[in-house]
Amino acid sequence: LDPAYNRAIVARWTEVDGILFWNVHRNCSSSSGQETFRVVEPEFVDNQRENSTCSYRIQACNQEGCGPLSQHASATFSTRPDPPTILTVTPSSSGILTVTYSPPANRGGGGGVDVKLNNFEVQLSQTPDFTTIISFSRSEDGTSHSQRLHALKGSSYFIRARAANAIGWSDFSVFVEPGSNMPLAVRSLSVPGPPSSIAAVLPVDVRTLQVDWGPPLDTGAWDTSEAVLRYRVEASLDSTFQRLVAVKEVAGNVTSVLLYRLPLQGVFLRVSAANIVGFGIPWVAGGRSPTEIPVLSVPSAPSLVASWTCMPAFLCVAFLGPGDNGGGEKNPFAPDLLGFRAEACSHLEFYGCVVVEANLGDVIAWSRAELQHDQKPSRAFNSTLFVARFPNISAGTDTFLRVFVRNQLGWGRAGVLDKQLLNITNSSLPFTLPSQLGTIFDVSQLFVNPSVDISILPVSPPLLTFLPPPSPSIFSHLRLFLRFSPSLPFDSSGYFMHARVHGAVGAGRGVFGAGLQLGGANLSGFLELPNVLRECERRSCEALLNETGGGVCLPEFCLPSLSVLNPQVDGISDWSLSVWFASEDTAVAQVIAAIPSVSSSFLEDANLAIVLEGGSVFLVLMAINYSQETVAAFNGPSPGLSSSSFHLLVVSFSRSTSVLSLYLDGRHVSSFFSVPSLPETSGPILLGSCNCTRRKDGSSLGFQGVLDSLEIWDRVVVEEEVKKLFRSGGEGKEILPEATRL
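Residues numbered from 1 in each chain as written. Predicted model: local features only at pLDDT ≥ 70, side-chain atom pairs only at ≥ 80, totals over all residues. Heavy atoms only, no water.

Novice: I'm lost on the nonpolar core in this one. Help?
Specialist: Nonpolar side chains tend toward joint burial in soluble globular proteins. Grouped together as the largest cluster of nonpolar side chains are 43 residues, with contacts concentrated most on Trp575, Ile592, Ile610, Leu649, Leu660, Leu687 and Leu710. The biggest single contributor to this core is strand β39 (residues 575–583), with four residues. Setting aside residues up to four positions removed in sequence, Leu687 forms contacts with Leu482, Phe484, Leu516, Leu518, Phe526, Leu527, Ile592, Ala593, Leu707 and Leu710. Of all hydrophobic cores here, the second largest spans 25 residues; its members include Leu315, Val356, Val363 and Val405. (Core = buried A, V, L, I, M, F, W, Y, C linked by side-chain atoms within 4.5 Å. Buried < 20%, exposed > 50% of the residue type's maximum accessible area, 1.4 Å probe, protein only. Helix = DSSP H or I, 4+ residues; strand = E, 2+ residues; numbered from the N terminus. Contact = heavy atoms within 4.5 Å.)

Here it is in structure tokens:
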């Protein structure tokens, strides 16, 4: 059946010799009953049946009579379709216009009859009357509703389209302005070129870079006439930008951003621009030779060595320069140090202070020549011994000392010396360095300029020999060591060792004897411990003792400041936590240890939560979830965590690198980068609970099993120490401090 022209159906069939005529039997939707026609040629032309579908059967006849009827064949009387409607014309890539359209409601059979479309054609012209066709495209089928046409970048085009069925092509429809019939021209674009330059990359704050750039010289049409919609700034640890550590997008009218919380090492930077088509080629800092940009922080804390009465009514403190000027592990002495600030305070909270400050240049210039470096001063002062003097220190007073160092970003973390009880006397004898600093000599010679109260101590023998302290043991900076005993009254809520039991807990079999049994049976309690990572406040200690029945604030509980916090750098410094756990079911969600949020009762908002679920461990730190699936994680092999077996969990955080490391059973599992610090206001440490619920389902998260041997440090533990702790558990021989209170 061949729809040869408007409103006609032509039926054709195979001619056979000896046929006298053919009977054509017709049934149409617009008429009732069958009609029969006789033809002598193998063709039947049926005309002018409006929107009707007809079925035909053919019967051949010769001298002997007529044979059987053929199978049915159907067709619809149709005409050319209406034109399609052009919906959008979009520059989609360099030199490409993408045209989308909707098929016509009338495809040739009228509104109620479906006729198959077999083609769409889109044409481009630079004149609204389409006298010259620049380019066209055909779909070659009736189902495609978009086409891509090549167009010259920067040129504008008018667009029209038409549809076809078996009868022929429709009229054209033209892309017009919304709300009018005026043809609308669309400009062909490419993605923008790179920014014209990266004008500056400046360290402006701790682990923060300011990046400035110039707009592209080609915004998509060989000029700057097209709008830049967005810029993307990327920082990576490698020049191929496979190890991204920061990505930031800003609006197209912005040409400067701040990248925060970058790792404390060199990064590579690039900036790319985007228009309606997409992002273009980036500009890399350094061009063809990518430049590694140092990320800086404030200096690390200087090391305070000793303090002593050095002149009448003067207190002196000796300290080493910082081990990191602010450049991080990779290049610690890259930024220059600018000055020092030393404080001698009458209170542990560091107020009521005598303060001395000096620029580094003045310290070097006014130190006695024979006491200075053998070579010119360098950026590294971590082995240089300085001394600061404090006037007007009253005799017999408790004095607390700390020293800061400054670089271009500001004051760094404080180095702190424990309390010194001073008994100052007015002696006429020479005032000398303490013997532990080396050879004794007259300190008064150090201060040539009376207005500069910080000086360099000699480093050349025989005047002074300084030996570094021995390597720390595993108990160095250990702030909490908690063991359990079956004899402790765990059957009801109460206090012991400045800790509080909430609910019912019990004694169970631990790794090294007794352990803390939580969950199951009638046990639903947990343990609350003082946050030993916080700076001690005597009034807080007294308030707790009043609550628990009185007593005195012993040094063992009112711990001295672990790392006195610089007001400009808020948050707790390095820390590590180790605990053995055996869960009855490692698939069930349960909290091993936590520091809850003071403003929220949900797990998702915790300051710190160590959660066991689905046979693996994940962490919540400052309301951010860290698991092995975290994008910014370095993943290692993860051991299987079986139920009812003891496993060693160690979590370690380095503030200087913002890296959080997770160890399980002596093995490094994950490291997470750009991790925030715990706030200085962090609350108590909870063992076996977060005293919270999960926001998504309200489930309780108490630990179900046994916890044993909790240890907390105010430093980073290394992998070898973790392996040593794990081996001790396997052997059942606990590593104990030389002196401990149980």
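Novice: What is the right way to look at the environment of Val532 in this model?
Specialist: Note on placement: Val532 falls in the loop between β38 (526–529) and α2 (538–548). On the accessibility criterion, Val532 (7% relative accessible area) is buried. For the pair formed by Val532 and Asp714, sequence separation is 182 residues and the distance between their alpha carbons is 8.6 Å.

Novice: Help me out: how do you make sense of the pairing of strand β4 (residues 43–47) in this one?
Specialist: On any regular strand, side chains alternate: one points to one face of the sheet, the next to the other face. The alternating pattern of β4 places Phe44 and Asp46 on a buried face, while none of Glu43, Val45 and Asn47, on the opposite face, is buried. As judged from the five bridges shared by strand β1 (residues 8–12) and β4, these two strands associate in the antiparallel manner. Residue pairing across strands places Ile9 opposite Asp46, the latter belonging to β4. (Pairing = 2+ DSSP bridges.)

Novice: Explanation requested: helix α3 (residues 719–731) in the structure shown.
Specialist: Along an α-helix, residues three or four apart share an orientation, since each turn contains 3.6 residues. End to end, α3 covers 19 Å across 13 residues, agreeing with the expected 18 Å (1.5 Å per residue, within 8%). Residues of α3 that are buried include every one of Glu721, Val722, Leu725, Ser728 and Gly729, and no others. Projected down its long axis, α3 shows its buried positions confined to an angular sector of 120°, all on one face. Exposed side of α3, more than 90 degrees from the buried face: Glu720, Gly730 and Glu731 are the residues found there. Looking at the packing, one finds that the buried side of α3 touches β39, β45 (647–654), β46 (659–664) and β49 (705–713). (Expected span 1.5 Å × (residues − 1). Arc of directions from axis to C-beta.)

Novice: Would you explain unusual backbone geometry in this entry?
Specialist: Glycine aside, residues mostly have negative phi angles, and peptide bonds mostly take the trans form. Unusually for a residue other than glycine, Arg261 sits at a positive phi of about 55°. Within the secondary structure layout, Arg261 lies in the loop between β20 (256–259) and β21 (266–274). Of note in the backbone geometry, Met622 takes a positive phi value of approximately 55° without being a glycine. Residue position: Met622 is located in the loop between β42 (616–621) and β43 (624–626). Look at Met622 and you get partly exposed, because its relative accessible area is 27%.

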